[in-house]
Amino acid sequence: MRLRALLLLLLSGCGPVQAPRGPHERHEPFADWRMGLQAGARPTSPSATPPRFAEGEPVESIVSPGGSFRIHFSRSGPNAVAAADADGNGVPDAVDTVARAYDRVADFYAGLGFQRPPDDAWVGGDAGGDGRFDVYLVDFAGRADGAFRLDGCQGESTRCTGHMLEENDFAGYGYGSYEEAVATLASHEFFHAVQAAYHPGLGSVASEGTAVWASERFEPALDDLEHFTAAYMTRPDRSLVLDPDGPAASFSYGAGLYFQFLGERFGDGVVRSLWEESVLAPGVRWPVLVDTVLRRDWGADFDTAFAEFALWNLATGPRAGRVPGYARGGGYAALTVSSRTLPMDEPSVRVAAASARYFEVEGGSETVSAVFEPQVGEAPGGVHLLVAAVTANAVLRVSRVDGPGVLSAKVDAADATHVMVAVVDGRMEGTGRYGRLCITGDASGAPCVAVQPGPDAGTDGGTDGGVGNGTDGGTDGGTPVEPRPPSEEGGCGAAPGGTSWALLAVLLAFGVRAASAQRSWAPSRSQSRTARNRAVGAAARRQATQSVPRGRRIERRPDSGVSTTTRPARTAGPTR
């Protein structure tokens, strides 16, 4: 499986932060999945793409206990495995571990209803000697820890098969043990082989994201998903439906969080149905396939599910466990948000398709209100507004309102240290959209004049917005829990602050506002940038006087709490 295995560098309050775990696969010099078929011979051939066995290096193989896999290895040379053979069966224990792991993984995925990869007897040439799935233990020299490579497809772009390359000893890698490393790689990389049995051309977000989900589903204790969540949670403003490139490649692995949400919210079948649907419609993009199966089998759609995903992401890290959400959210990275001061009134906030912009202001006010007004001419629908009262270790209550039109919501914030506001775009495609976002703690609603909810708005428990368990789907405002120590995985990236971040935010906001004003008003060159921004703000406030839909409050009563299991994020090893 080819992926650009570069590190994800991110900006936070204390400078650049990299993803706690780098991509498993090494970068392959292929433009797309089809060109993976040009990988050539297996690594036992001198002409194979590295890593490969050295010329003259003696290579042996064994069949796994379940009979489905053939493991290729060497006892001496640059790709030699550890020689220990505690059971005295004549096979190195390291190889036995690999064989057992792949058997367990294959049986587990079959038990979830996924197809097994087709055998490779039809491939011809150097295909490992029989039709079993082949795993080659070779030295990646720290560049990555494994790769799935395609051999060919029985259909035009379906029913494909391939072989696996896996690191021979994991010496110097950041795993807790050899057994952990093997289980992680087997569960992740073999799921790429499962994907290929359907249709391997859905792009990196779908392929890597569901492979990370599969590892978590196979054995949660591996914490592979936990290691990758920061790659998404530090950039929730990046579109989920566009495959990243270059330094952002880890985002595709972090997207495993979205598929974890789908699995927990709707069940394992939604991920399996995605891949089954890809066979029926191989030319269709993965978000459209998700939308298709959600509408057909679960009475939902991509837009509303994405809005709920954005809500679940409020309660991760130290804030997990008080609102319906991830069962193991305590081990996930906390969101990176943009800090602002009250009142905030920004005339040109951009949000991309399938993304969310999170802002944070101080709490302590009786209420905090927010309004988002899309710019005139922007495509309607697919926009959602979340307003959440939070403390350092809990989400106290959340209000949510869904578009189209001007969105307005408020939340009681007297007991909150901060209030988080999210503008969510749940579309499956499209360019970024702009709108005015205003947040205030003033009881009159000023300067957000459009925020004029009725006296009962946000106080009746409202609708649940599809938020998981319980009847009201809200948050538990009950007894606070002790704050968890800051996660080393999330690091400073989970709580941006400091002079460098503030300066960057000011510069970016200034540039976006100026560009938006120039697009919207086309002023003469003699007009100042300040005058143009004032014109944008005035126009937005005039439009904001129109009637707005009432915000929906999502609040969980203390006697309807949800029992969850949280797992602190562990310290990450070196990025590979």
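Structure first, text after, so check above.
We now turn to the structure provided with this report.

Let us look at the side chain of arginine 319. Note on placement: arginine 319 falls in the loop between α9 (302-312) and β8 (338-339). The class for arginine 319 is buried, based on a relative accessible area of 16%. Of the polar contacts made by the side chain of arginine 319, one reaches the backbone oxygen of threonine 391; its length is 2.7 Å. Excluding residues that lie within four positions of it along the chain, arginine 319 makes contacts with Leu314, Glu360, Val390, Thr391, Ala392, Asn393, Ala394, Val395 and Met420.

In terms of nonpolar packing, the biggest core is built from 108 residues, with Tyr109, Phe114, Phe190, Leu240, Tyr258, Trp286 and Leu314 touching the most fellow members. When residues in this core are grouped by element, the largest group, 12 residues, is from helix α2 (residues 178-198). Among residues more than four places away in sequence, those in contact with phenylalanine 190 are Phe69, Tyr102, Val105, Ala106, Tyr109, Pro117, Phe133, Met164 and Leu185. Ala389, Leu396, Leu437 and Ile439 belong to the second-largest nonpolar core, a separate cluster that totals 25 residues.

Strand order in the open sheet formed by 4 strands is β9-β16-β11-β14, and the pairing between neighbours is antiparallel. A single partner strand is all that each edge strand has here, and the edge strands are β9 (344-351) and β14 (407-412). Across the sheet, the mean angle separating the axes of adjacent strands is 20° when strand polarity is ignored. Bridge count between strand β11 (residues 367-374) and β14: 6 bridges; the pairing is antiparallel. By the bridge assignment for β14, serine 369 is matched with lysine 410.

Leaving glycine out, the prevailing phi sign among residues is negative, and the prevailing peptide bond configuration is trans. Geometrically, the link from proline 50 to proline 51 is a cis peptide bond, its omega value of 0° lying close to zero. Mapped onto the elements, proline 51 comes out in the loop between β2 (15-18) and β3 (60-63). Of note, the bond from leucine 342 into proline 343 is cis; its omega dihedral lies within 30 degrees of zero at -10°. Topologically, proline 343 is positioned in the loop between β8 and β9. The backbone phi angle of alanine 141 is positive, close to 55°, even though this residue is not glycine. Relative to the elements of secondary structure, alanine 141 occurs in the loop between β5 (133-138) and β6 (146-153). Residue arginine 159 is not a glycine yet carries a positive backbone phi of 55°. Inspection of the secondary structure assignment puts arginine 159 in the loop between β6 and β7 (160-167). Residue classification places arginine 159 among the partly exposed residues on the basis of a relative accessible area of 31%.

Okay, the pairing of strand β15 (residues 418-425) next. The buried fraction of β15 amounts to 7 of the 8 residues, a majority that puts the element mostly inside the structure. Strand direction decides the pairing type here: strand β12 (residues 383-391) and β15, joined by 8 bridges, are antiparallel. Within β15, the residue paired with leucine 386 across the bridge is alanine 422.

Here 5 strands make up an open sheet; going across it, the order is β3-β4-β5-β7-β6 and the pairing mixed. Two strands close off the open sheet at either side, each with one partner strand: β3 and β6. Between one strand axis and the next, the sheet turns by 20° as a mean value, whatever way the strands run. Across 7 bridges, the pairing between β6 and β7 is antiparallel. Note that in β7 the partner of phenylalanine 148 across the bridge is methionine 164. Where helix α1 (residues 93-111) meets the sheet, it contacts β3, β4 (69-73), β5 and β7, and its direction lies at approximately 150° from that of β4. The sheet contacts of α2 involve β4, β5, β6 and β7, and relative to β6 the element is tilted by about 20°.

Turning to the pairing of β5, a few remarks are in order. Of all 6 residues in β5, 6 are buried, a share of seventy percent or more. Strand direction decides the pairing type here: β4 and β5, joined by 4 bridges, are parallel. Bridged to histidine 72 within β5 is tyrosine 136. In this structure, β5 lies alongside β7, joined through 4 bridges in parallel fashion. Directly across from valine 135, in β7, lies its bridge partner methionine 164.

Among covalent bonds in proteins, the disulfide is the one between the sulfur atoms of two cysteines. The full count for this structure, using the stated rule, is 2 disulfides. A sulfur-sulfur separation of 1.9 Å characterises the disulfide bridge that pairs cysteine 153 with cysteine 160. Linking cysteine 153 and cysteine 160, the disulfide has an S-S dihedral of approximately 100° and is accordingly described as right-handed. Sulfur-sulfur distance for the disulfide between cysteine 438 and cysteine 448 comes to 1.9 Å. One quick way to see it: the torsion about the S-S bond of cysteine 438 and cysteine 448 is about -80°, and its sign makes the bridge left-handed. Taken together, the residues span a long stretch of sequence, with cysteine 438 in strand β16 (residues 433-440) and cysteine 448 in the loop between β16 and α10 (499-521) at a distance of 10 residues.

One can find aspartate 291 in helix α8 (residues 286-298). Judged by its relative accessible area of 10%, aspartate 291 is buried. Look past the residues within four positions of aspartate 291 in its chain and what remains in contact with it is Asp301, Phe302 and Met428.

This part covers the packing of helix α6 (residues 256-266) against helix α7 (residues 269-280). Axis angle and axis distance: for two packed helices, these are the angle between their axes and the distance between the axes, and together they describe the pair. Taken N-terminus to C-terminus, the directions of α6 and α7 make an angle of 120°; their axes are 7 Å apart at the nearest point. Relative to α7, the element α6 lies oblique. Contacts between α6 and α7 involve Phe259, Leu262, Gly263 and Phe266 on the former and, on the latter, Val270, Val271 and Leu274. By residue class, the composition of the contact of α6 with α7 is 6 nonpolar, 1 polar and no charged.

Conventions we followed
- Residues numbered from 1 in each chain as written.
- Predicted model: local features only at pLDDT ≥ 70, side-chain atom pairs only at ≥ 80, totals over all residues.
- Heavy atoms only, no water.
- Helix = DSSP H or I, 4+ residues; strand = E, 2+ residues; numbered from the N terminus.
- Buried < 20%, exposed > 50% of the residue type's maximum accessible area, 1.4 Å probe, protein only.
- Polar contact = N/O pair within 3.5 Å; in protein donor to acceptor, adjacent residues only side chain to side chain.
- Contact = heavy atoms within 4.5 Å.
- Core = buried A, V, L, I, M, F, W, Y, C linked by side-chain atoms within 4.5 Å.
- Pairing = 2+ DSSP bridges.
- Axes fitted to C-alpha atoms, helices over the stretch in contact; angles between N-to-C directions.
- Disulfide = S-S within 2.5 Å.
- Parallel < 35°, antiparallel > 145°, perpendicular 65-115°, else oblique.
- Nonpolar A, V, L, I, M, F, W, Y, C, P; charged D, E, K, R; others polar.

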